[in-house]
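Single-letter residue listing:
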Amino acid sequence: MTAFPQGTILGYPRIGRRRELKKAVESFWSGRSDLQQLEQTAAGLRAATRERLATLGLGRDDSAIPESFSYYDQVLDAAVTVGAIPARFENLREADGTIGLPAYFTIARGEGERAPLEMTKWFDSNYHYLVPEIGPETTFSLSSDRLVRQVEEAVAAGFVTRPVVVGPVTLLALAKASDDAPEGFDPLSRLDDLVPVYVELLARLKAAGAEWVQLDEPALVSESLPTSVEKLADAAARALDVIGGSAERPSILVAAPYASLEATFSVLVAAPIEAIAVDLVRGAVPAAAAGLADKILVGGVIDGHNIWRGDLSDAFEKLDALGQLGAASVSASTSTSLLHVPHDVTDESALDERLVSWLAFADQKVEQVVTLARGLAGGRPAIKEALDAASAALDDRRSAPGVRDGSVRSRALAEGDFSRAAYAEREAAQQEALGLPALPLTTIGSFPQTGDIRRARAQFLRGELSNEDYEAFLRREIDSVVDLQEELGLDVLVHGEPERNDMVQYFAENLDGFTVTENGWVQSYGSRATRPSILWGDVSRPAPITVGWSTYAQSKTAKHMKGMLTGPVTILAWSFVRDDQPLADTANQVALALRDEIADLESAGIAVIQVDEPALRELLPLKKADQPSYLDWSVASFRLATGGAGTATQVHTHLCYSEFGVVIDAIRALDADVTSIEAARSRMDVVTDIAEVGFDHGIGPGVYDIHSPRVPTVDEIESLLRRAVDEIPTRQLWVNPDCGLKTRGYDETTASLRNIVEATRRVREDVNVAV
Ligand SMILES: [Zn+2]
């Protein structure tokens, strides 16, 4: 077996320090540059990454540097490599059967009537992967040599890198059955047909110069997939027997990050592979297993999910504990790929220096791994200075002003803070106070973020537009959004959120305890990246945030204006959150700030207030045992935020998704008066689930799929509404789009809303008779 480096990372950001890949890819998509230019930029980025990682201390020729580049998504990469593409894209193959880059992008983005692959969250992160579609008809064959060429490219530049591929079990476990598959088809049933393609790929990688390959198998740790952990472990054993048993292959590292491996660890130890990477940030040191003596263990002790510098001594101790298991050797690594964190904290010139000393972005994490590797080689004394410096930073963080704020901490919580009056009482009071018609019409909050809005914001941020002029601009924007809703005949209006660039960052910018970055981009999907805020200290609200906008909008109409807030769980989920106290405590601090905002909105005369929680399901832990306590605190934080609202104030929430499954009890427990969800894409199927579980509060199943530029017809909306009315009592039903309108244009938005109003008018004629 080839030696494994003592320090490595499981993957590195792909988008470039200044989002160069985004720009290159989008310019190729729009036809402003050609394939060759795109490939050149990508090769340049890969070269820069290798050089950078070598400069930071990873070995050039010992497989320490991962070859983890992707043009769009690593799951799509694997699917395309093994030829697992849906039938509707088959004709995009080249004459020799391979799938080129233009076809790859078409599969990711769709084209005309050909829908793209679906997108969904990657484990418990905010990264979205493309969902492969696999059926009995899928033919597996090596269909792209892109990874092989990247290994050769590295060799030509004097590097021996370690190619990273999503493994066969995870690829199938994350896939969905193809359109042509029979009812109940399980993609995992194709494992034996898929594995030979991996054998072939590994042989090619070896021939290209790879000494190690990394198979990413995070599915093995998840209890949130449709397939059980036991079944996945069996599948892994079968697949690795074949792959590991092949004659021509590099040494194999199997990485199973994002949670504890538990019993599956011994399955990997028994497999004919050389190394196993375990996540020791989210998971614990596994129990010893027979056969460890000839395995290399890679300890993921540096958090790949978060941006804190963390406790380096503690990380070193975990490696020590891993060493006690009796493996052939132990290496230091990140817990996951670093794709979840920004590039480099030294790119942040505007951040407070003291805060910077507590942070580690990707490059700093690489340095930490390199330090730990030195410690593994030379013992603790060799890295004493670095360990001490990290501990000192932690001490400094603990005692720094703002991290613990007495006035926040002294707010005692009482049982009653988490509950409102009984729903029946609220329903009656709200009916009386609001006087809404049957099937009230509303929207989810945002209206189109036009080029004008983005330009004005950019000018304001650059100082080219005064605060006064910018605010006047936003007021005019609100005027027109209110006028439009009046003209259309909606019942509960919104102000349109023109002042928000992002529903979380906006609140982060207006709350104490948060800071925002300049260049802290993190890939969200494909060419999209977000800049998560950093929640570093105790959270409080120095001044009202939305009250001015909401009351201004209310002053322009006699209809009810809906206040619009982002909920505590979503604020946490889409930020980098402090790791020095339980998430539940942090969530409650955010909740209290929102609670104050709600009180101010109420006293300013806002009678309907929406608190969005689209990320409620996303933070759900991968392990079943951890889920109840998560649901407890997340629900409690929402209830704390909204629990002070008066009986006659109508609290809405919006959740985006409609796969209720495990979270339905939690959604019920939120106790919002009205909940809006996505339903248009699933043709209202969700109303059947809602009726089955018995949900008796207000519910707004979406009738307009805002992810598509298509304008739904009146008839189509009417039939969706009739289905809802058939299955759910009319008094509970609201009419609204699936989600906010910010990504849409005005033409399609106006036309769609007009059709929604007309369809509602038709359905109301009947229900008014029936009520
Ligand atoms: Zn939404």
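Conventions adopted
Residues numbered from 1 in each chain as written. Predicted model: local features only at pLDDT ≥ 70, side-chain atom pairs only at ≥ 80, totals over all residues. Helix = DSSP H or I, 4+ residues; strand = E, 2+ residues; numbered from the N terminus. Buried ≥ 20, exposed ≤ 12 C-beta atoms within 10 Å, placed from the backbone. Contact = placed C-beta atoms within 7 Å. Pairing = 2+ DSSP bridges. Domains from an automatic or database assignment. Nonpolar A, V, L, I, M, F, W, Y, C, P; charged D, E, K, R; others polar. Arc of directions from axis to C-beta. Axes fitted to C-alpha atoms, helices over the stretch in contact; angles between N-to-C directions. UniProt positions renumbered as here; feature names shortened; annotations may be inferred. Expected span 1.5 Å × (residues − 1). Parallel < 35°, antiparallel > 145°, perpendicular 65-115°, else oblique. Left-handed = near helix turned anticlockwise from the far one by under 90°. Right-handed = clockwise from strand over helix to strand, strands pointing away. pLDDT = per-residue confidence, 0-100.

Chemist: So, the overall build of the chain: which residues are in play, and what are the values?
Modeler: Scanning the chain from terminus to terminus reveals 26 helices and 22 strands. Seen along its three principal axes, the alpha-carbon backbone of the chain occupies a region of about 75 × 60 × 50 Å. In the chain, buried positions account for 51% of the 771 residues. For the chain, contacts bridging at least 24 residues in sequence account for 77% of all contacts bridging at least 6.

Chemist: Outline the sheet that holds strand 22 (residues 698-701), supporting the account with residue identities and numerical values.
Modeler: Overall, parallel pairing links the six strands, which are arranged 12-17-19-20-21-22 in an open sheet. Edge positions in the sheet fall to strand 12 (492-493) and strand 22, since each has one partner strand and no second. As judged from the five bridges shared by strand 17 (residues 560-566) and strand 19 (residues 608-612), these two strands associate in the parallel manner. Counterpart to Lys 562 in the pairing with strand 19 is Val 608.

Chemist: So, the domain arrangement of the chain: which residues are in play, and what are the values?
Modeler: You can read the domains of the chain as domain 1 (20-68 + 143-399) and domain 2 (427-770). Put simply, the middle of domain 1 and the middle of domain 2, counted by C-alpha atoms, are 37 Å apart. Contact with domain 1, which involves 21 residues of that partner, is made by 18 residues of domain 2. The leading source of residues in the side of domain 1 that touches domain 2 is helix 1 (residues 20-29), at three residues. Of the residues assigned to the side of domain 1 that touches domain 2, the class counts are 12 nonpolar, four polar and five charged.

Chemist: Outline helix 19 (residues 547-555), supporting the account with residue identities and numerical values.
Modeler: Those residues of helix 19 that fall on the buried side of the exposure criterion are Trp 549, Ser 550, Ala 553 and Gln 554. Angular distribution of buried residues about the axis of helix 19 spans 130 degrees; they occupy a single face of the element.

Chemist: A description of the sheet that holds strand 18 (residues 575-577) should follow, citing residues and the corresponding values.
Modeler: Across the sheet, which stays open at both edges, the three strands sit in the order 13-16-18 with mixed pairing between neighbours. A strand with exactly one partner marks an edge of an open sheet, and here the two such strands are strand 13 (512-515) and strand 18. Taken over all neighbouring pairs, the strand axes of this sheet differ in orientation by 30 degrees on average, direction set aside. Its contacts with the sheet place helix 21 (residues 583-603) against strand 16 (533-540) and strand 18, and it is angled at close to 70 degrees to strand 16.

Chemist: Any details on the UniProt feature "domain: Cobalamin-independent methionine synthase MetE N-terminal" (unreviewed entry) in the chain? Residues and values, ideally.
Modeler: Under the local residue numbering, the UniProt record ascribes the feature "domain: Cobalamin-independent methionine synthase MetE N-terminal" (unreviewed entry) to residues 8-324. Taken as a whole, residues 8-324 contains 38% helix and 13% strand, while its terminal C-alpha atoms sit 20 Å from one another.

Chemist: Now, about unusual backbone geometry: what can you tell me, with residues and values included?
Modeler: In this structure, Arg 19 takes a positive phi of about 55 degrees despite not being glycine. As for its placement among the helices and strands, Arg 19 is situated in the segment before helix 1. Taking the C-beta count within 10 Å as the criterion, Arg 19 has 19 such neighbours and is therefore assigned partly exposed. Despite not being glycine, Leu 439 shows a phi value in the positive range, around 50 degrees. As for its position among the elements, Leu 439 is in the loop between helix 15 (423-434) and helix 16 (451-461).

Chemist: Any details on helix 8 (residues 229-245)? Residues and values, ideally.
Modeler: Between the first and last C-alpha of helix 8 there are 23 Å, a value that for 17 residues agrees with the 24 Å anticipated at 1.5 Å per step. When helix 8 is considered as a whole, its buried residues turn out to be Val 229, Leu 232, Ala 233, Ala 235, Ala 236, Ala 239, Leu 240 and Ile 243. In this fold, the buried residues of helix 8 make contact with helix 6 (168-173), helix 7 (191-208) and helix 9 (264-270).

Chemist: Give a detailed account of the packing of helix 5 (residues 146-156) against helix 7, specifying residues and quantitative values.
Modeler: When two helices pack together, you describe them by how their axes are tilted relative to each other and by the distance separating the axes. Taken N-terminus to C-terminus, the directions of helix 5 and helix 7 make an angle of 15 degrees; their axes are 9 Å apart at the nearest point. The orientation of helix 5 with respect to helix 7, classified from their angle, is roughly parallel. In this structure, the crossing between helix 5 and helix 7 has a hand that is right-handed. Note on element contacts: helix 7 touches helix 5 through Arg 204, Leu 205 and Ala 208, opposite Leu 147, Val 148, Val 151, Glu 152 and Val 155.

Chemist: Quick one: what's the story with the pairing of strand 9 (residues 275-279), residue by residue and with numbers?
Modeler: The element strand 9 is extensively covered by neighbouring structure, given that five of its five residues are classed as buried. Burial along strand 9 is two-sided: the face carrying Ala 275, Ala 277 and Asp 279 and the face carrying Ile 276 and Val 278 are both buried. Taken together, the four bridges between strand 8 (residues 251-256) and strand 9 define a ladder with parallel strand orientation. Its bridge partner lying in strand 9, Val 254 is registered against Ile 276.

Chemist: Tell me about the environment of Val 492, and name the residues and values.
Modeler: In this fold, Val 492 is placed in strand 12. On the basis of neighbour counts, which here come to 23 C-beta atoms within 10 Å, the residue Val 492 falls in the buried class. Sequence separation between Val 492 and Glu 477 is 15 residues; the distance between their C-alpha atoms is 18 Å. Among residues more than four places away in sequence, those in contact with Val 492 are Pro 440, Thr 442, Lys 559, His 560, Lys 562 and Val 608.

Chemist: So, the packing of helix 10 (residues 312-323) against helix 12 (residues 362-378): which residues are in play, and what are the values?
Modeler: In contact at an axis separation of 11 Å, helix 10 and helix 12 are set at 50 degrees when each is read in the N-to-C sense. When the axis of helix 10 is compared with that of helix 12, the two are oblique. Here the hand of the crossing between helix 10 and helix 12 comes out right-handed. Across the interface between the two elements, Leu 312, Ala 315, Phe 316 and Leu 319 of helix 10 pack against Gln 368, Thr 371, Leu 372, Gly 375 and Leu 376 of helix 12.

Chemist: Explain the environment of Arg 500 to me, using residue names and the numbers behind them.
Modeler: Examined against the element boundaries, Arg 500 turns out to sit in the loop between strand 12 and helix 18 (505-510). Overall, Arg 500 belongs to the buried group, with 23 C-beta atoms counted inside 10 Å. Along the primary structure Arg 500 and Gln 449 are separated by 51 residues, whereas in three dimensions their C-alpha atoms are 9.2 Å apart.

Chemist: Quick one: what's the story with the pairing of strand 19, residue by residue and with numbers?
Modeler: For strand 19, a buried count of five out of five residues is recorded, marking the element as mostly surrounded by other parts of the structure. Covered by surrounding structure in strand 19 are Val 608, Gln 610 and Asp 612 together with Ile 609 and Val 611, the residues of both alternating faces. You can see the chain leave strand 19, run along helix 22 (residues 627-642) and come back into strand 20 (residues 650-654), and the turn it takes is right-handed.

Chemist: Please provide a residue-by-residue account of the confidence of the model for the chain, values included.
Modeler: On average, residues of the chain carry a pLDDT of 96, and 99% of them reach 70 or more. Among the scores for the predicted complex, ipTM is 0.99 and pTM is 0.94.

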